[in-house]
Amino acid sequence: MKFCFFVKIALFGKATIEYIKGGGGSGDVHCPYIRNIFEGFKAKEKEGKTAVYMPLVDFYKDYVEKESVHIPTQDQINATWDIVNAMEFCTKRDDMTYDTFASMHVKEPAVPEELINSAAEWAETAIITISRFSAEGVDRRPQGGDYYLSDIEKDLIDKACKLFKKVVIVINSGATIDCEYFAENNDVDPILFTWHGGLEGGAAIADILTGDVNPSGKLVDTIAKSYDFFPCKDDFWECFDHLDYSDDIYVGYRYFETVPGGKEKVRYPFGFGLSYTSFAVTNKVCLESDGKILAIAEVKNTGDVAGREVVQVYYSAPQGKLGKPSRVLSAYKKTKLLQPGEKETLVMSFDINSMASFDDLGKVQKSAYVLEKGTYSFFIGTDVRNAEKVEFEYKLKEDVVAEQLTSLCKPFKLEKRMLSDGTFENLPTGEESYFYAENKPTGAVAPEKEVMFDKVGEEISIDEFVAQFTLEELMDFVGGHAPTGVANTGCFGGLKRLGVPAVPTADGPAGLRLEPETGIPTTAWPCATLLACTWDPELLYRVGQAAALEVKENNFGMWLTPAINIHRSPLCGRNFEYYSEDPRLTGLMAAAITRGVQQEDGFYVTVKHFACNNQEDNRNYVSSNVSERALREIYLRGFEEAVRGGGAKSIMTSYNRVNGVYSPNSYDLCTKVLRNEWGFDGVVMTDWFSTGGGKGDTALCMASGNDLIMPGGGIFKAEILRGLKAGRIKETDIRRCCANVLKQIFASATQREYIDRCQDSELV
């Protein structure tokens, strides 16, 4: 697609120079360069498509250079973290963390009025970039300069609208912000939400705004007219000790499209997105076939330039006794690049049983997924709001139990939850009680003569191999080890006596993260939310393939990604690492990138954070109090898809508690649902330092089904030993964990080349 035009532009916003490529924490990537917005448009200027007003660029260059001297060094930041981590969690600690991350980037400056005037005399178009930075360990805040616009940003928009013929708003943020100040401003032309675009983000923005690329993204979150309109707004800030998920299954569009009065609170609906061309979606049909619902639609490019469109399918289930969202995303598909006048017929499908609701209270059938009797309707369109009802309906005369399960992660402290009409129902509460099954001995016996690891599967089984471990080796093996090579997050495995290689791991959700001192830069990919906005699993598969090559090149066995927690609140500081407010979209994207990485034999992802890590404030102690229904239908669904559909072989538990139990200590999560229900046969590891020190029971991890304590170390071994002596766990629990870890290493080491690399690097 090419537009034939030349335009003079004025670039406003510090991101002109200091473009925010991604968020902070484990999601940060040390890349070789960052293409800022000015550099993107400078390339277009060389192509004769634009001319950039340089005095304004020079203003931002000078400002960023001058103010960057106040950005703390890594040593200064580390010193602050030492102070913060030594404090009990409190408002002061949260403020210090927030301020420290904020100090890593310069503030938005006020532009001198005479410079704005001179820019308007020279240029016809103002491009104003609103940039935001967030990071793990702290949440965003509903205040100016964060979720809301600052007074400086509002003033700049006001002045630009008065002086320029055209005003373009670009949002460079890892999560949604309030758009009300410019959404209905008739003097504002296009609004481009670019999220965090990675190391080539500035170039991508210029590609789109000059028409070299036709945008085809769709929102993966609802943008409301105010933060106050989110149903979780009060729960999110109630206290640091617990977080009540009283909005239940009504998250994102499930709330806004269902609860009376919710639709009027939406600025941009879920699935919404514009293009430089137009499309007609016609011949929309649904039908039943072999336990599935098939959805068919014809898409025609009715505009003047080539483009792609996303067709989305939603269902509406009868309210019945359980209550349901008015619409739920069930399937979607993206067209190929359609030329003007070109058509494509899309065929989508989903299982009928996927429309079932989980009955946690026994209103129909306790602890079962049920399809309640009544009429199921279907909608096809290009976002949740404009999807039109098709003629076909699926009808049930009687309730159907789609799947009988058992109770897990019962909430003992959640007093109420939302219903579809916006009212609340009371939930049973009581004293906490938990169950742990006993791991039985395998009966395996160690061979008389020592057998090395490379003979597993030939001369010895995994269990027989584990039988050779001493107790000291067992306790050491279920912990991580110090980083080796260029690994920044440590290794697991490694037992020189028996020739077991150590598997190096590396962050993170936006690209392979190596420490700067290694001198090895890696690719900073667009943040997960932006990738999800493509609605293109095939693209994410290719991202996974490309990332796997970097994983392989740098001698890693495991990449600690994807992160797939739900965007319950727009203020979660880690939303940029996560995909969407919708679990179906999240799961399909996570499964795609998982398959892309794992197509490289011997290389694996670690899906995280399992589960309900939807708030960063006090994440090491906070309890996510959530109903069994919301847990299964919303917060576990993406993980289930990554395991069953993506073949994920490693899961990382979260820092937080789930209904009072730390996730690595939760037998319900790590064993009952993950292994017994989903058939997961890989490794479960803790997040770093997420047990011990009052944040969990390290020994209990072994009984719950959490195999690896990361990053390991003496304190964890001591706690495991105390657990053994106290009888809280048995040696058979540890042997089971070691066997799971060895299976993962064996799968990673199937390629002889991998074992050789590990041994050459002295990783055993």
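Residues numbered from 1 in each chain as written. Predicted model: local features only at pLDDT ≥ 70, side-chain atom pairs only at ≥ 80, totals over all residues. Heavy atoms only, no water.

Chemist: Describe the overall build of the protein, with residues and values.
Modeler: Helices and strands together make up the secondary structure of the protein, namely 22 helices and 30 strands. Compactness check: the protein gives a C-alpha radius of gyration of 27 Å against a globular reference of 27 Å for 764 residues, within 12% of the reference. Referenced to the eigenvectors of the C-alpha coordinate spread, the extents of the protein come out at roughly 85 × 65 × 50 Å. Here the protein holds 764 residues, and 60% of them are scored as buried. (Helix = DSSP H or I, 4+ residues; strand = E, 2+ residues; numbered from the N terminus. Rg over C-alpha atoms; globule rule 2.2 N^0.38 Å. Buried < 20%, exposed > 50% of the residue type's maximum accessible area, 1.4 Å probe, protein only.)

Chemist: Quick one: what's the story with the pairing of strand β16 (residues 374–381), residue by residue and with numbers?
Modeler: Counting buried positions along β16 yields 6 of 8 residues, so the element is predominantly enclosed. The sheet contact formed by strand β11 (residues 310–316) and β16 spans 5 bridges and is antiparallel. If you follow Gln312 over to β16, its bridge partner there is Gly381. Sheet topology note: the β16/strand β17 (residues 388–396) ladder contains 6 bridges and is antiparallel. Across the sheet, the residue bridging to Thr375 is Lys395, located in β17. The turn linking β16 back onto β17 is made up of 6 residues. (Pairing = 2+ DSSP bridges.)

Chemist: Outline the packing of aromatic side chains, supporting the account with residue identities and numerical values.
Modeler: All told, the structure shown has 30 aromatic pairs when counted by the stated rule. Ring geometry for Phe59 against Tyr60: centres 5.1 Å apart, planes inclined by 70°, an arrangement best described as edge-to-face. Pair check on accessibility: Phe59 and Tyr60 agree, each one buried. Arranged with centres 5.3 Å apart and planes meeting at 65°, the rings of Phe358 and Tyr369 form a pair that is edge-to-face. Here Phe358 is found in strand β14 (residues 357–359), whereas its partner Tyr369 is found in strand β15 (residues 368–371), with 11 residues between them in sequence. (Phe/Tyr/Trp six-rings, centres within 6.5 Å; stacked < 30°, edge-to-face > 60°.)

Chemist: Please provide a residue-by-residue account of the sheet that holds β14, values included.
Modeler: If you trace the 3 strands from one edge of the open sheet to the other, you get β14-β15-β18, paired in antiparallel fashion. Both outer strands of the open sheet, β14 and β18 (400–404), are each paired with one neighbouring strand and no more. Between one strand axis and the next, the sheet turns through 40° on average, direction left out of account. Relative to β15, β14 runs antiparallel, the two being bridged by 3 bridges. Considered in β15, the bridge of Phe358 is made with Tyr369. This element, helix α16 (residues 628–635), spans β14 and β15 of the sheet and lies at about 160° to β14. (Axes fitted to C-alpha atoms, helices over the stretch in contact; angles between N-to-C directions. Contact = heavy atoms within 4.5 Å.)

Chemist: With reference to specific residues and values, describe the environment of Glu640.
Modeler: One can find Glu640 in helix α17 (residues 637–644). Note on Glu640: relative accessible area 18%, which makes it buried. Taking C-alpha positions, Glu640 is 9.8 Å from Pro583, a pair spaced 57 residues apart along the chain. With sequence-adjacent residues up to four places away left out, Glu640 is seen in contact with Gly645 and Trp678. For Glu640, the side chain forms a polar contact with the side chain of Arg644, separated by 2.7 Å. (Polar contact = N/O pair within 3.5 Å; in protein donor to acceptor, adjacent residues only side chain to side chain.)

Chemist: Can you break down unusual backbone geometry residue by residue, with the values?
Modeler: Negative phi values dominate among residues other than glycine, just as trans dominates among peptide bonds. Residue His609 is bonded to the preceding Lys608 through a cis peptide linkage, with omega at -5°. Residue position: His609 is located in strand β25 (residues 607–610). The linkage connecting Met710 with the following residue, Pro711, adopts the cis geometry, with an omega of 5°. Of note in the backbone geometry, Cys409 takes a positive phi value of approximately 50° without being a glycine. Although it is not a glycine, Cys612 sits at a positive phi angle of roughly 65°. Relative to the helices and strands, Cys612 resides in the loop between β25 and β26 (623–625).

Chemist: Can you explain the pattern of salt bridges? Please cite residues and give values.
Modeler: Counted according to the given criterion, the structure contains 54 salt bridges. When the shortest N-O distance is used, the salt bridge between Asp681 and Lys649 registers 3.0 Å. Pair noted here: Asp681 is in the loop between α18 (667–677) and β30 (683–685) and Lys649 is in the loop between α17 and β27 (650–653), with a separation of 32 residues, a long-range link. Given a relative accessible area of 46%, Asp681 falls into the partly exposed group. Among the charged side chains, a network of salt bridges with common partners joins Lys44, Glu47, Lys49, Asp207 and Asp212. (Salt bridge = Lys/Arg side-chain N within 4 Å of Asp/Glu carboxyl O.)

Chemist: So what's going on with the environment of Val370? Which residues, and what values?
Modeler: As for its placement among the helices and strands, Val370 is situated in strand β15. Judged by its relative accessible area of 1%, Val370 falls in the buried class. Along the chain, Val370 and Tyr250 lie 120 residues apart, while their C-alpha atoms are 18 Å from each other.

Chemist: Before we move on, can you summarise the confidence of the model for the protein with the specific residues and values?
Modeler: Per-residue pLDDT for the protein averages 93, and the proportion of residues at 70 or more is 96%. This model gives residues 757–764 a pLDDT under 50, and the stretch forms 21 contacts once residues within four places in sequence are excluded. (pLDDT = per-residue confidence, 0-100.)

Chemist: Run through the nonpolar core, naming residues and quoting values.
Modeler: Among the nonpolar cores identified, the biggest contains 169 residues, and Phe12, Phe41, Phe164, Met355, Phe378, Phe610 and Tyr635 are the most heavily contacted of them. Of all the elements, helix α15 (residues 583–598) adds the most residues to this core, at 7 residues. Residue contacts for Phe378: discarding those within four places in its chain leaves Cys286, Ile293, Tyr314, Tyr315, Phe350, Met355, Glu388, Lys389, Val390, Phe392, Glu393 and Tyr394. Judged by nonpolar contacts, the second largest core, of 44 residues, contains Val478, Met652, Ala699 and Met702. (Core = buried A, V, L, I, M, F, W, Y, C linked by side-chain atoms within 4.5 Å.)

Chemist: Describe the packing of α15 against α17, with residues and values.
Modeler: Axis separation between α15 and α17 bottoms out at 8 Å; the angle between their running directions is 30°. Compared by their axis directions, α15 and α17 come out roughly parallel. Here α15 and α17 pass one another in a crossing that is right-handed. Of the residues in α17, those touching α15 at Pro583, Arg584, Gly587, Leu588, Ala590 and Ala591 are Arg637, Gly638, Glu641 and Ala642. (Parallel < 35°, antiparallel > 145°, perpendicular 65-115°, else oblique. Left-handed = near helix turned anticlockwise from the far one by under 90°.)

Chemist: An account of helix α2 (residues 54–67) is needed here, citing residue identities and associated values.
Modeler: Compared with an ideal rise of 1.5 Å per residue, which puts 14 residues at 20 Å, α2 spans 20 Å between its outermost C-alpha atoms and is within 8% of the ideal. Residues Leu56, Val57, Phe59, Tyr60, Tyr63 and Val64 constitute the buried set of α2. Viewed end-on, α2 has its buried residues packed into an arc of 155°, placing them on one side of the element. Opposite the buried face of α2, by more than 90 degrees, sit the exposed residues Asp62, Glu65 and Lys66. At its buried positions, α2 is contacted by β1 (7–12), α1 (37–46), β2 (50–52) and α5 (113–122). (Expected span 1.5 Å × (residues − 1). Arc of directions from axis to C-beta.)

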